[in-house]
Structures are given as C-alpha cells and as structure tokens.
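Here is how the chains run, residue by residue.
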Amino acid sequence: MNLPTFDINKVNTPCYVTEECYLKHNGEILKSVQERTGCKILLAQKAFSMYSSYPLLQNYLAGTTASGVYEARLGYEHFGKETHVYSPAYTKKDMDELLKYAGHFVFNSIRQFVLHKDKMAGKECGIRVNPRFSTQEGHEIYDPCAKNSRLGQTLSSFEEDVEKYGLDGVSGIHFHTLCEQNSDDLYKTAMVVEEQFGKYLSKMKWINFGGGHHITREDYDIETLVRVIEHFKNKYNLQVYLEPGEAVALNAGFLVSEVIDIIDGKVNGERDIAIMDVSAACHMPDVLEMPYRPKILDSRNVLAGEEGEKAYIYRLGTPTCLAGDIIGDYSFDSPLKVGDRLVFCDMAIYSTVKNNTFNGMPLPTIYYNTDDELKVIRKFSYEDFKSRI
C-alpha cells in the first residue's frame, strides 16, 4: 500500500492529493507491457481525468478513451495521440461534435454503425460485443454481462446484423466485461469471445479488450496478460488495445480529511461517531455505490483496522443530512479527537470524476504533488455549486 509522501498537515482539508511518483510507477508498468507485446494502452478517462497530469502520462500511454463528448474533447485537447470513444447510442448532435475529436468509434451494434456510417470516412470503427460471460461477483451494477445488459451486441444479434448489413467499414471488435479484475478473468473471457466471434476476427484490424484490468496491482499476473495479447496478435494479426482507467492511477491519490466532532456512543446507545469534513455521498460515491471500503491512515500513517480489530472503534460519519451517508466502521490504536486528520487511500480514481455538491457541500481542493512541489491545481467556491444548479 502506498503512503503519502507529503505532509498531511500542510494541506487544507478536505482535499484530494495525487502523487506524481505513483503515477510514474504505474506508467512504467503499463509501458513495459506495451513494449513487450506491441499492444496499445489507453487511459479510460471515466476513472481519472486529471488533465494536469496528462503531459506526464503521454510518456507512457497511447491515448485516451471516452464515454461522452466532454471526455473526448478533454482527451483530444490535453492528451492528444489516439482518441477513442464508445457510447451505447450516439445522438446526431453528439456525433457531429465527436467527429472533431475522435479517430476511433466503437458502436453498440452493427445497426448503430450503419446509422452513422456515411459520416465515418477516415475513422476506425468497431463493434462492442457482449459474450454474456460474467466473471464478477456481487456487483451487478458494474457487470456489462449482467442479465438484460444494454452494453454490447450478443452473438445472435451480431450475426443477424452481419447477414442484413455486412461488415463493410467495420475494422475492430471491442469487449469490456471486467471490473477491478486479474488476468485470469481476462483469459477466460477472451477465450469465450474467441469461441463466439473468432470467425470474424480475421476480417478485423484490431481488437479492444476494454477496461477493468488491474494491471498495476501488486498481485496482478502480467504474464497471463501478455500471453492473451500475443495470442490474438499472432493468430489473427490484430492490433490489441486495452483501456484501463484504474490501473493508470491506482493507489496514486489520497483524500485528506479532518475530524470535526465526536459523538459519544453513550448518547446514541451504540458506538462513538466521528464526524468528518468529507462526505461519502459527495466526495467518494463508490463507498455507497459499490459498496467500497477505503483503507484509512491515521495522522501517524498507521492503518486503521476493521471493526473490533483495534481498541477504539468509531463509525465515520459526514456533515450531510443523508442518514446513510456513512463512510464505515473503523478501529484505531488510540482515541480520535477533534482536529485529527485521517487519510483515505486510493482516491485518485472514481472520486473527482464522480463527486457532487449535494447539500451544498464544497468540493475538496485538488493538489498535485511532484518531487519539487505540492501545488494546488484547483480550489472550488460557492460559484461552482451555484453554476451546477
């Protein structure tokens, strides 16, 4: 687990701090996979869109991928290189805008591609397929292969469209079925995709394995990933793409918070509650949505424990009026007190891209820490709240 390299007492809370040294570490791993295999790895901006770091990430990645107009424009303007986009359906207005930025378009079906085909001259176009092969457990909201999924075209639907429209103008196949997973799940999924769609792969120029690959995680099996990439590259002569988001900024950021009140457990009849100056609902939505339990460091960089693991147990609450806006139950070696700082780990991803101003909660300041400087990237104000409503 990465520790903050900055002084947590020298930042204003609440705040996000992204560490350049950890982005570099992840970048080197991703770069090595590309150099070994010839694949191209893209930044999925839905997980991490801190464009002030793009000049650094350009050294490691082949481009960006987007799920909407604004992401595509951000990648095009600030990252450059290749810009890919996917949507379950494109409006005419969005397509006219996206054509300015993206070079690769992934469509949800051949029928969707045909609707826009006349505008696709000079663009690389692919179809997202859905093998209906799920390797996830317990997170249906993030499972593209869940029952009644709208994401990607099943084999029977794909074959019907091939018979009706053909594949002229289609140069790639895309599948995305993983979420925070290792390469054994990629291997299983890729073999199912090959079994179902293999007869079409020789007609393609590229294949995109989508995202959800935790390539930079300590226990990730890179050798299996390499074998899967090389299999498709060598057997079908395909350019292989991957588009992880989390792997790029995994464990590269922190959310620094301060205790602003302690509610004695004797008052509510159960346990002590520490009210923080951050909100799960506003500042780290995955805590409620996944649900996701972040690791927490105290002011001495000591990891907080599970409930009952250490002597002092607290429920970490928030300042909003939402009764369920609870970060979780944690235990500490010593009692918490007002003014103590706690650091939530792995907060570069799915935080700034998903946060909100519910209840008029201010957005945390964003810092970027380099070897030379801890600098403020953005401070937010009342006007940022007002402008959204």
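Note: the structure precedes this text.
Moving on: unusual backbone geometry. Geometrically, the link from threonine 13 to proline 14 is a cis peptide bond, its omega value of -5° lying close to zero. Structurally, the position occupied by proline 14 is in the segment before strand 1 (15–19). Cis geometry is adopted by the peptide bond preceding proline 291, which originates at methionine 290 and carries an omega value of -5°. Mapping proline 291 onto the fold places it in the loop between helix 12 (286–289) and strand 12 (296–297). Positive phi outside glycine occurs at tyrosine 350, with the angle close to 50°. Mapping tyrosine 350 onto the fold places it in the loop between strand 15 (341–345) and strand 16 (365–369). Look at tyrosine 350 and you get buried, because its relative accessible area is 18%. In the Ramachandran plot, asparagine 359 falls in the positive-phi region, its phi being about 70° despite a non-glycine side chain. When you line up the elements, asparagine 359 lands in the loop between strand 15 and strand 16.

It is worth spelling out the packing of aromatic side chains at this point. Applying the stated criterion across every chain yields a total of 15 aromatic pairs. Where tyrosine 76 meets tyrosine 101, the ring centres are 5.5 Å apart and the plane angle is 50°; that geometry is what we call tilted. Here tyrosine 76, found in helix 3 (residues 69–78), pairs with tyrosine 101, found in the loop between helix 4 (92–98) and strand 5 (104–107); they are 25 residues apart in sequence, far enough to count as distant. Tyrosine 76 sits in the partly exposed class, given a relative accessible area of 43%. On the basis of relative accessible area, tyrosine 101 is assigned to the buried category, the value being 9%.

Conventions used here
Residues numbered from 1 in each chain as written. Predicted model: local features only at pLDDT ≥ 70, side-chain atom pairs only at ≥ 80, totals over all residues. Heavy atoms only, no water. Helix = DSSP H or I, 4+ residues; strand = E, 2+ residues; numbered from the N terminus. Buried < 20%, exposed > 50% of the residue type's maximum accessible area, 1.4 Å probe, protein only. Phe/Tyr/Trp six-rings, centres within 6.5 Å; stacked < 30°, edge-to-face > 60°.

Any functional reading would require information that these geometric values do not contain.
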